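Letter by letter, the chains look like this.
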Amino acid sequence: MKNNKDLLVEEHSGPLMADVARLAGVAISTVSRALANPGRVNEKTRAKIDAAAKQLGYTPNAMARGLRVGKSNVVMIVLPGSLYYGVSQVIPQVLQGINRSLSQNGYHLMIANLDRDETSERHILDLAFGGTVRGAIILSSDLPVDGGRSLKDSALPIVSLLFDMSHAALPSVVTNDRQSVRDATSELIALGHRRFLYLAGPVGNYHDNERYLGVLEALAEAGLSEKAVIRSGGTLDYQHGFQIGVAAAAEFADLKQKPTAVIATSDDMAISFMSCVQRMGWKIPADLSIVSFDGAPVCEYSSPPLSTIEQPVEEMGQLAVSLLMERIDAPERGAATRHVISSKLIRRESFGPARPSI
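Thresholds applied
Residues numbered from 1 in each chain as written. Predicted model: local features only at pLDDT ≥ 70, side-chain atom pairs only at ≥ 80, totals over all residues. Heavy atoms only, no water. Buried < 20%, exposed > 50% of the residue type's maximum accessible area, 1.4 Å probe, protein only. Helix = DSSP H or I, 4+ residues; strand = E, 2+ residues; numbered from the N terminus. Pairing = 2+ DSSP bridges. Axes fitted to C-alpha atoms, helices over the stretch in contact; angles between N-to-C directions. Contact = heavy atoms within 4.5 Å. Core = buried A, V, L, I, M, F, W, Y, C linked by side-chain atoms within 4.5 Å.

S.K.: Give a detailed account of the pairing of strand E1 (residues 74-78), specifying residues and quantitative values.
M.R.: Taking burial as the measure, the five residues of E1 include five buried ones, the bulk of the element. Going residue by residue along E1, you find Val74, Met76 and Val78 tucked away on one face and Val75 and Ile77 tucked away on the opposite face as well. Of the strand pairs in this sheet, E1 and strand E2 (residues 108-111) are connected by four bridges, and their pairing is parallel. Residue pairing for E2: valine 75 is matched across the bridge by leucine 109. Here E1 runs beside strand E3 (residues 135-139); their pairing, made up of four bridges, is parallel. Bridge pairing in E3 links valine 78 to isoleucine 138.

S.K.: Tell me what's going on with the sheet that holds strand E11 (residues 289-294), and back it up with residues and numbers.
M.R.: What the six strands build is an open sheet, ordered E9-E8-E10-E11-E12-E14; its pairing is mixed. Lying at the two open borders of the sheet, with one neighbouring strand each, are strand E9 (229-233) and strand E14 (344-346). Strand-to-strand twist in this sheet, taken as the mean axis angle between neighbours without regard to direction, amounts to 20°. With five bridges connecting them, strand E8 (residues 196-200) and E9 associate as parallel partners. For alanine 200, the partnering residue across the bridge sits in E9 and is glycine 233. Of the strands in this sheet, E8, strand E10 (261-264), E11 and strand E12 (307-310) are in contact with helix H11 (residues 267-279), which crosses E11 at around 150°.

S.K.: Kindly report on the pairing of E12, identifying the contributing residues and their values.
M.R.: Looking at chain direction, E11 and E12 are connected through four bridges and run parallel. Its bridge partner being in E12, valine 291 is matched across the sheet by serine 307. Examined bridge by bridge, E12 and E14 share three bridges and lie antiparallel to one another. Each bridged residue has a counterpart across the sheet, and for threonine 308 the counterpart in E14 is isoleucine 346.

S.K.: Which residues make up the nonpolar core, and what are the values?
M.R.: In this structure, Val94, Ile98, Ile137, Leu139, Leu161 and Val173 are the most contacted members of the largest nonpolar core, which totals 25 residues. Elements that contribute at least two residues to this core include exactly E1, helix H6 (90-104), E3, strand E6 (158-161) and helix H12 (313-329). Broken down by element, this core gets its largest block of residues, eight residues, from H12. Those residues within four positions of isoleucine 98 in sequence are excluded, and the remaining contacts are Ile77, Leu109, Ile137, Leu161, Gly317 and Val321.

The following block contains the structure:
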């Protein structure tokens, strides 16, 4: 009597992998490898296999393949919270890049959560400890924990993306937040700016810490005091960027000595701030220069076009998947390393010389 696993493997209507191998003139194992890990088969052979599969109308049974090897072919991504981040497309772009890379390696992406409350943490850990997933990518947040359990205890291959957890023995892919903000601030200083308004994310947040340190380092290099920058915000997280920008505009209006440049730690903050101060009568960049962080496509079409530090989300997602595949294939060789990919300052019309006095 055949068990369920055998039945599932045989329940595949239409052409079989052997038919694809025969038509392509390769071994069945080569077809299997090309479908599961395309990067491990040379391009010419992969093209022959793809052509044969299309000609025959062959569709691999992903569930059966997972059962045959006794392991899941699903990778979960753990989000920091809601998918909604205003105009910022960082999370959707990261997800798109990760999904594309996983598909090329024969894996499927599962979004494990849309929140980080107690119920979500428990669900994430149940997936990890229950064998439902083969690996995990943690996006811009710390490891899920619940009832004494931590994701790290699951022995699941894990990669951290947009949050440095190399200190916890996890390979981490991050962008150079501090350096990129320091460089942008230095450019503003070179344009004559000496008074700054910093639109902050939540106090203690990894990204906010790095970006604010970049501002302070640029000021110190120019011989300017920390008093040259005023912080606004710090109580709301990045999902409330529009609100942070609106509140910062109100604070700006009340300042007796106005800053000449604004550094916003998200595009949402910058766009709402810019809209508000322009309605108050301030001109951008004649009265006030603004630069933000993330690189949302809409920045190019704001009024005026917004200068922003663009994160290389596609490249970061691809590297995170590559590191995860290494950990899945050879867990003992997975060194915890911090991989830094540089962001890029895109200069647009919101960025200009300082006005002598406001």
